[in-house]
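Each chain, letter by letter, is given below.
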Amino acid sequence: MAPTHVLRCCQRGLAWIPVIFIALVVCWSYYAYVVELCIFTIPSIAEKRPWMKFVFIYSGWTGLNLDTLIYMVFFHLSFVMFVWSYWKTIFTRPANPSKEFCLPKAEKEQYVKEERPESQQEILWRAAANLPLYTRTGAGAIRYCDRCQVIKPDRCHHCSACDMCVLKMDHHCPWVNNCVGFSNYKFFILFLCYSLVYCLFIAATVLQYFIKFWTLCRRKSAENCPKNELPDTHAKFHVLFLFFVAAMFCISILSLFSYHLWLVGKNRSTIEAFRAPVFRTGSDKNGFSLGFGKNIAQVFGDERKFWLLPIFTSQGDGLTFPSRLVNIDPEQPTVSLQPEANKSIEDVPASPLSESQNHLLGNEQHANNVTEHLENDTGSETITIIMERES
């Protein structure tokens, strides 16, 4: 027991190494840009830029010209938003399934004692009678986590690194030492966005000084080298490496950011992009897609003024999600429920859903999923689903 506990503590400690590395790189980039570039290098250059030749502001107590002030303002704006979103991504705890999805004590003991998978599934179907579940395993069974002993809600998956079930799990990111899911997916997208802006701004503003320093280094040994107005100090090494690091991170972040924007537009997680979710009617990679506008709003919220702020504004509760397969929408495939002639729709038990999903999810559809697998003494209800697609 003791060696296992020590090993787990060591693993948790080592998991923070990528985060510490990123923090050190960010701190160094701040020093290199603000101190070495804006305070020491730029003020020592007497040349005038074409777009600023008509104005020059000098402050006696700071020694900063207008060029430096503009750089400093935009740099600190991008820096603050980048650090803020990165902090929220790291320290926002992943959302877990609620107690409603846990098996009752008696059924849990019965589930453990059962050896036949068929009997275990019958227990799970009875326990899921009042739960809004629309996704299944590849074999059509209830998705259950033996590790957490909980029925998995739609789009929920178990993270082996965090050792927990995470609502709308996207992936486990070692660079934030956290699982990216429903509670922090917006923060993760903004983290990628502002880190890209941060690197782009640094690379764009440092480029001209990078070229000058690089030229100075290559011409330094030449006898007829023209006099260069750049200071020959250790600042040049900070500027050179600052451009290389910013350009390298910019390229890598751009590809990742573009991919996740595509996922948001399709309303898919990284897991669902590689393995399509399985519904009652079969697997469908676009099962949760409601259209580009609604997909964006599901992650960023309804109020656009909060979209660019690392504040939680995502729609829903993470337990239930609207699906085009059960959503009556004229622009999507329609679902019509036709009960038997001798019974009314009120005879079918309805499952309570969250208030945020009542307008998108039909209770009758869930009742059909449950009665299809549970037999009643008086006979089972048969509901026919007709899928109509637009031509």
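The structure this text deals with has already been given above.
Residues numbered from 1 in each chain as written. Predicted model: local features only at pLDDT ≥ 70, side-chain atom pairs only at ≥ 80, totals over all residues. Heavy atoms only, no water.

As for the overall build of the chain
Rules: Helix and strand definitions here come from DSSP, where helices need a minimum of 4 consecutive H or I residues and strands a minimum of 2 consecutive E residues; each element is numbered from the N-terminal end. Note on contacts: a residue pair qualifies if any of its non-hydrogen atoms lie within 4.5 Å across the two residues.
For the chain, the count of helices and strands is 10 helices and 11 strands. Within the chain, contacts between residues at least 6 apart in sequence are counted, and of these 67% link residues at least 24 apart.

Some details on the pattern of salt bridges
We apply this condition: Salt bridge criterion: a side-chain nitrogen from Lys or Arg within 4 Å of a carboxyl oxygen from Asp or Glu. Three labels apply to residues, based on accessible area from a 1.4 Å probe with only protein chains included: buried if under 20% of the type maximum, exposed if over 50%, partly exposed otherwise in between.
Counted according to the given criterion, the structure contains 4 salt bridges. Where Asp163 meets Arg147, a salt bridge forms, and the shortest distance between an N and an O atom there is 2.9 Å. Highlighted residues: Asp163 in the loop between strand E4 (157–159) and strand E5 (164–166) and Arg147 in the loop between strand E2 (144–145) and strand E3 (150–151), separated in sequence by 16 residues. Note that Lys305 is salt-bridged to Glu303, the shortest N-O span being 3.7 Å. Taking relative accessible area as the criterion, Lys305 reaches 62% and is therefore assigned exposed. A relative accessible area of 42% places Glu303 in the partly exposed class.

Brief notes about the nonpolar core
Worth spelling out the cut-off: Residues grouped as a nonpolar core are buried Ala, Val, Leu, Ile, Met, Phe, Trp, Tyr and Cys residues, joined through side-chain atoms within 4.5 Å.
Counting 51 residues, the largest nonpolar core has Tyr33, Phe75, Tyr185, Ile202 and Val206 as its most contacted members. In terms of residue count, the dominant contributor to this core is helix H6 (residues 185–219) (18 residues). Once residues lying within four places of it in the same chain are set aside, the contact partners of Phe75 are Ser29, Tyr30, Tyr33, Val34, Tyr198, Phe201 and Ile202. In terms of nonpolar packing, the next biggest core, distinct from the first, is built from 25 residues, Leu133, Cys156, Leu319 and Phe321 among them.

Examining the sheet that holds strand E1 (residues 135–136)
Let me state the cut-off plainly: Two strands form a pair only when DSSP identifies at least two bridges running between them.
Strand order in this open sheet of 3 strands is E1-E8-E9, and the pairing throughout is antiparallel. Each of the sheet's edge strands pairs with one partner strand only, and the pair in question is E1 and strand E9 (282–283). When E1 meets strand E8 (residues 278–279), the two strands line up antiparallel, connected through 2 bridges. Bridging across to E8, Thr135 finds its partner in Phe279.

Some points on helix H9 (residues 292–300)
Within H9, burial applies to Asn295, Ile296, Ala297, Gln298, Val299 and Phe300. Within two residues after H9, Gly301 carries a phi angle of roughly 95 degrees, on the positive side.

A word on the packing of helix H7 (residues 235–266) against H9
Selection criterion: In this analysis, axes come from line fits to C-alpha atoms, helices being fitted only over the stretch in contact, and the angle between any two N-to-C directions falls in the range 0 to 180 degrees. In this scheme, roughly parallel covers angles under 35 degrees and roughly antiparallel covers those over 145, while 65 to 115 is roughly perpendicular and the rest are oblique. Three residue categories are used. Nonpolar comprises Ala, Val, Leu, Ile, Met, Phe, Trp, Tyr, Cys and Pro, charged comprises Asp, Glu, Lys and Arg, and polar comprises the others, including Gly.
Relative orientation of the contacting elements H7 and H9 amounts to 110 degrees, with a least axis distance of 7 Å. Here H7 is positioned roughly perpendicular relative to H9, judged by the angle of their axes. On H9, the residues touching Val264, Gly265 and Lys266 of H7 are Phe292, Asn295, Ile296, Val299 and Phe300. Looking at the contact of H7 with H9 residue by residue, the class counts come to 5 nonpolar, 2 polar and 1 charged.

Focus on the environment of Asp146
Just so we agree on the cut-off: As used in this structure description, the phrase polar contact means that two N or O atoms lie within 3.5 Å; if the pair is within protein, one of them must be able to donate a hydrogen and the other to accept it, and residues adjacent in sequence are counted only when both atoms belong to side chains.
On the secondary structure map, Asp146 appears in the loop between E2 and E3. Between the alpha carbons of Asp146 and Val112 there is a distance of 9.5 Å; along the sequence they are 34 residues apart. Side-chain polar atoms of Asp146 contact the side chain of Tyr111, separated by 3.3 Å.

Observations concerning the environment of Ser183
Note on placement: Ser183 falls in the loop between strand E7 (178–180) and H6. Of the residues examined, Ser183 reaches a relative accessible area of 12% and is grouped as buried. Leave out the neighbours within four places in its chain, and Ser183 touches Thr92, Arg93, Pro94, Ala95 and Phe312. Engagement of the side chain of Ser183 in a polar contact is seen with the backbone nitrogen of Ala95, the distance being 3.4 Å.

Some remarks on the side chain of Ser29
Within the secondary structure, Ser29 is located in helix H2 (residues 17–41). Excluding anything up to four places from it in sequence, Ser29 contacts Phe75, Tyr198 and Leu242.

A word on unusual backbone geometry
A positive phi angle, near 55 degrees, is found at Gln149, a position not held by glycine. Within the element layout of this structure, Gln149 appears in the loop between E2 and E3. Non-glycine residue Lys168 carries a positive phi angle of around 45 degrees. When you line up the elements, Lys168 lands in the loop between E5 and strand E6 (171–173). Overall, the relative accessible area of 9% leaves Lys168 in the buried class.

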